[in-house]
Amino acid sequence: RQKKLEPASSACYCCWRATSPTMLARAPLRLASILLLQPCCPLLIPGLQREYLEGEELPMRVAKLMSTRTLVPFSYYSLAQCTPRSLEAAAENLGEVLHGDRIFNAPFELRLRRPRALALCRLLLDPQERELWVARIREGYRAHLLLDNLPVGTRRPRDGAAPLLERGYLLGAAAPDGAIVHNHLHFTVRYHLPSPSVTTGEAWRGSGRRARIVGFEVEPSSRGYTHAARWPDDSEGEAGSAVDVLNLSPAEVGLSHDGTSPMVLRRRGGKPVELIFTYNVTYALSEVPYSSRWDNYLMLEEGSQVHWLSLCGSLALSLLLASLVAAIMLATVRRDLQKYNAIDADDDLVEVGWKYTHADVLRPPAGPLSLSCALGAAVQLICSGAVTLALALLGVISPTARGRLLTAALLLLCLSAVPAGYVAARLYRQIDGSHPYALI
């Protein structure tokens, strides 16, 4: 099976050779070469990329609801949403949990190269659920979805530049005395063929070639729906058994909309409100290789260059203040030295100015324990930050792996307590600390 696999790209040939069975069987030290070679293809070891046949179901997950205004994450299903019959929580690392990600299976059904338009579900919102929806929308919350570990993105147009891809999509927009709900989602899934000799039609279907997901975009909109037929219940199966009422055909329930009226939720009102969610999905062949599918997500947003201007201004101001303080100190020292040299040898030496502090250089500090603890904490932060930055630059900690950076930073912070404790204990003993075990 290993011989049938192909490298993700020509730039990843080094990783392909390092991960072959022959190379891995020679010595365990070959694994270190994989980590060192990862800047050319971070986390893209051939055979680990998921590939899909035409018509195969694509794994889609829901992550969280997040807003840049409140910075408080919520679970995707904390709102009244279309929910699968059985929720399955994905395994998460420590970094994902601290970031607020709560990953579950999604109610959407996507199959490769099978365009479709479906009615997701129908909800009846009571007053409390309606008020919560309105509050989340007016707070600017965005829903985050995942497809093949790739976050969904919304294209934002820019004047005179390429559109910017933003993660997630807005739940809606604010309206007078309520909110407009984005209850229709248009998904665009972009796929790449490792061998582009066969691309379309029956030849591609019969060849058994597999595709890789390289793009996942969404365009939300609001639609006011009406349905002519009665919406089926989830207990209308034979003998009252449960049936799946998700992903129905619009014609099955007689779904229609005029194309202009949005779905508006009012804050006030005691009656339940009907909310219908729909989606459609299209597929597009992409020339972007699998190893470059994260490039659009890692681009700087518009206005990020302003940070460089702020940094340069702060640095220039710091240098100006440091030069001013240095000039004052030099003038003071030069004046004291002139007074010192003007005193005759027979006269009594009267120390002036900065010379009063010469006896305090070798004097032990008043708080040796506090000084040692502060130095140890500084060493711990410097060591953990430097190692985390080095691993990120080498490509070992890739941004494509959710939560890995935060997990590695916390782990290295704990491990760097060893050199921090040594430095703190050594300094405490050098300054004649009387209680060395107090550092513990």
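Within any chain, residue numbers begin from 1 and follow the written order of that chain's sequence. Only residues with pLDDT of at least 70 get local features here, since the model is predicted, and only at 80 or more are side-chain atom pairs given and counted; chain-wide, interface and lining totals rely on the full set of residues. Values reported for side chains reflect all heavy atoms of the structure, with hydrogen atoms and water molecules removed beforehand.

Novice: For this particular structure, what's the right way to read the overall build of the chain?
Specialist: Only DSSP runs of H or I with at least four residues qualify as helices, and only runs of E with at least two residues qualify as strands; both kinds are numbered from the N terminus onward. Within the chain, the regular secondary structure consists of 10 helices and 16 strands. Per-residue burial over the chain gives 34% buried out of 440 residues. Only heavy atoms matter for contacts: two residues are in contact if any of them lie within 4.5 Å across the pair. Within the chain, counting contacts between residues at least 6 apart in sequence, those at least 24 apart form 76% of the total. In short, Shrake-Rupley with a 1.4 Å probe defines the accessible areas, and a residue's cover is counted only from the protein chains shown. Accessible surface computed for the chain: about 26000 Å², of which carbon and sulfur atoms make up 60%. Here the term buried applies to any residue with accessible area under 20% of the maximum for its type, exposed to any over 50%, and partly exposed to those in between, with areas from a 1.4 Å probe on protein chains only.

Novice: I tried to follow the packing of aromatic side chains on my own but got confused; where do I start?
Specialist: Aromatic ring pairs are described here by two measures, namely the spacing of the ring centres and the angle between the planes. Aromatic pairing here means that ring centres of Phe, Tyr or Trp (its six-membered ring) are within 6.5 Å. Orientation follows from the plane angle: under 30 degrees is stacked, over 60 is edge-to-face, and everything else is tilted. Enumeration according to the criterion identifies 8 aromatic pairs in this entry. Their ring planes at 85 degrees and their centres at 5.1 Å tell us that Phe-108 and Tyr-279 sit as a pair that is edge-to-face. Here Tyr-279 lies in strand S16 (residues 273-285) and Phe-108 lies in the loop between strand S2 (104-105) and strand S3 (116-125), a separation of 171 residues in the sequence. Owing to a relative accessible area of 7%, Phe-108 belongs among the buried residues under this scheme. By relative accessible area, Tyr-279 is classed as buried at 1%. Taking the centre distance of 6.0 Å and the plane angle of 35 degrees together, the rings of Trp-133 and Phe-277 count as tilted. Residue Trp-133 is located in helix H5 (residues 127-138), and its partner Phe-277 is located in strand S16; the two are separated by 144 residues in the primary sequence.

Novice: Just to check I follow, could you spell out the side chain of Arg-212 for this structure?
Specialist: Structurally, Arg-212 can be placed in strand S12 (residues 212-221). According to the relative accessible area criterion, Arg-212 is buried, its value standing at 5%. Here a polar contact is recorded for every N or O atom pair within 3.5 Å, except that within protein the pair must consist of a potential hydrogen donor and a potential acceptor, and residues adjacent in sequence are included only if both atoms are side-chain atoms. A distance of 2.7 Å separates polar atoms of two side chains, one belonging to Arg-212 and the other to Glu-51.

Novice: Is there a simple way to explain the state of the cysteines in this structure?
Specialist: In a disulfide, the sulfur atoms of two cysteines are covalently bonded to one another. The rule for a disulfide is simple: a pair of cysteine sulfur atoms within 2.5 Å. Counting across every chain of the model gives 1 disulfide. Residue pairing for Cys-82: its cysteine sulfur links by disulfide to Cys-121, the two sulfurs lying 1.7 Å apart. Between Cys-82 and Cys-121 the disulfide shows an S-S torsion of about -70 degrees. By sign, it is left-handed. Here the residue Cys-82 occupies a position in the loop between strand S1 (60-66) and helix H4 (94-99), and Cys-121 occupies one in strand S3, the gap between them amounting to 39 residues. Residue classification places Cys-121 among the buried residues on the basis of a relative accessible area of 5%.

Novice: What is the right way to look at the packing of helix H8 (residues 368-394) against helix H9 (residues 404-415) in this model?
Specialist: Packed helix pairs are specified by the crossing angle of their axes together with the interaxial distance, meaning the distance between the axes. All axes are obtained by fitting lines to C-alpha atoms, using only the stretch in contact for helices, and the reported angles, taken between N-to-C directions, cover 0 to 180 degrees. Where H8 contacts H9, the axes come no closer than 9 Å and their chain directions differ by 145 degrees. Crossing angle aside, the handedness with which H8 passes H9 is right-handed. Contact residues: H8 offers Gln-380, Leu-381, Ser-384, Val-387, Thr-388 and Leu-391, while H9 offers Leu-405, Ala-409, Leu-412 and Leu-413. In this scheme the handedness of a crossing depends on how the near helix is turned from the far one: anticlockwise by less than a right angle means left-handed, clockwise means right-handed.

Novice: For this particular structure, what's the right way to read the pattern of salt bridges?
Specialist: Pairing between side chains of opposite charge can happen when the charged atoms of each approach one another. Salt bridges are identified by distance alone: a Lys or Arg side-chain nitrogen within 4 Å of an Asp or Glu carboxyl oxygen. Considering all chains together, one arrives at 13 salt bridges under this definition. For Arg-156, the salt bridge identified is with Glu-166, shortest N-O distance 2.7 Å. Separated by 10 residues along the polypeptide, Arg-156 in strand S6 (residues 153-158) and Glu-166 in strand S7 (residues 161-167) bring together distant segments of the chain. Its relative accessible area of 17% is what places Glu-166 among the buried residues. Glu-217 is paired through a salt bridge with Arg-190; the nearest N and O atoms lie 3.2 Å apart. Residue Glu-217 is located in strand S12, and its partner Arg-190 is located in strand S11 (residues 184-192); the two are separated by 27 residues in the primary sequence. Note on Glu-217: relative accessible area 10%, which makes it buried. Connected via shared salt-bridge partners are Glu-57, Glu-109, Arg-111 and Arg-116.

Novice: When you look at the nonpolar core in this model, what are you seeing that I'm missing?
Specialist: One broad trend across soluble globular proteins is that nonpolar side chains are buried collectively. Core analysis: the biggest nonpolar cluster contains 53 residues, and Phe-108, Leu-110, Trp-133, Leu-145 and Phe-187 have the highest contact counts within it. Among residues more than four places away in sequence, those in contact with Trp-133 are Leu-79, Ala-80, Gln-81, Leu-125, Leu-171, Val-181, Leu-265 and Phe-277. Only buried residues count toward a nonpolar core, which is a set of Ala, Val, Leu, Ile, Met, Phe, Trp, Tyr and Cys residues joined through side-chain atoms within 4.5 Å. Judged by nonpolar contacts, the second largest core, of 7 residues, contains Tyr-225, Trp-231, Leu-248 and Leu-255.

Novice: Help me out: how do you make sense of the packing of H8 against helix H10 (residues 417-430) in this one?
Specialist: Viewed as axis vectors pointing N to C, H8 and H10 meet at an angle of 150 degrees, and their least axial separation amounts to 8 Å. By the angle between their axes, H8 is roughly antiparallel relative to H10. The handedness of the crossing between H8 and H10 comes out as right-handed. Counting all contacts with H8, which are made through Pro-368, Leu-369, Leu-371, Ser-372, Leu-375, Gly-376, Val-379, Gln-380 and Cys-383, the residues of H10 involved are Ala-417, Pro-419, Ala-420, Val-423, Ala-424, Leu-427 and Tyr-428. Ten residues, namely Ala, Val, Leu, Ile, Met, Phe, Trp, Tyr, Cys and Pro, are considered nonpolar, four, namely Asp, Glu, Lys and Arg, are considered charged, and the remaining ones, Gly among them, are considered polar. The residue inventory of the contact of H8 with H10, partitioned by class, reads 13 nonpolar, 3 polar and no charged. The cut-offs work like this: below 35 degrees is roughly parallel, past 145 is roughly antiparallel, 65 to 115 is roughly perpendicular, and the gaps in between are oblique.

Novice: Help me out: how do you make sense of the sheet that holds strand S15 (residues 264-266) in this one?
Specialist: Strand pairing in a sheet relies on backbone hydrogen bonds. The paired strands run either parallel or antiparallel. Strand order in the open sheet formed by 3 strands is S9-S10-S15, with antiparallel pairing between adjacent strands. Edge strands, defined here as strands with exactly one partner in the open sheet, are strand S9 (172-175) and S15. Neighbour-to-neighbour, the strand axes of the sheet open up by a mean angle of 25 degrees, direction not taken into account. Here S9 runs beside strand S10 (residues 178-181); their pairing, made up of 4 bridges, is antiparallel. The partner of Ala-175 across the bridge, within S10, is Gly-178. Strands qualify as paired when DSSP identifies two bridges or more between them.

Novice: What is the right way to read the side chain of Glu-166 from this model?
Specialist: Side-chain polar atoms of Glu-166 contact the side chain of Arg-156, separated by 2.7 Å. Apart from the residues lying within four places of it in its own chain, the contact partners of Glu-166 are Arg-142, Val-152, Gly-153, Thr-154 and Arg-156.

Novice: Any chance you could explain the confidence of the model for the chain here in plain terms?
Specialist: Here the chain averages 78 in pLDDT, and 76% of its residues register 70 or above. The predictor reports its confidence for every residue as pLDDT, a score running from 0 up to 100. Across residues 1-47, where pLDDT falls below 50, the model places 59 contacts with residues more than four positions away in sequence or in other chains. Per-residue pLDDT stays below 50 along residues 198-203; that stretch engages in 10 contacts with residues further than four places along the chain or on separate chains.

Novice: I would appreciate a short explanation of a nonpolar patch on the surface in the present structure.
Specialist: Together, Leu-317, Leu-320, Leu-321, Leu-324 and Ile-328 give the surface a local cluster of nonpolar side chains, amounting to about 510 Å² of exposed area. Tracing the sequence through the fold places Leu-321 in helix H7 (residues 306-342). What goes into a patch is any residue over 30% in relative accessible area without a salt bridge, connected to like charges within 9 Å or, for nonpolar side chains (Val, Leu, Ile, Met, Phe, Trp, Tyr), within 5 Å.

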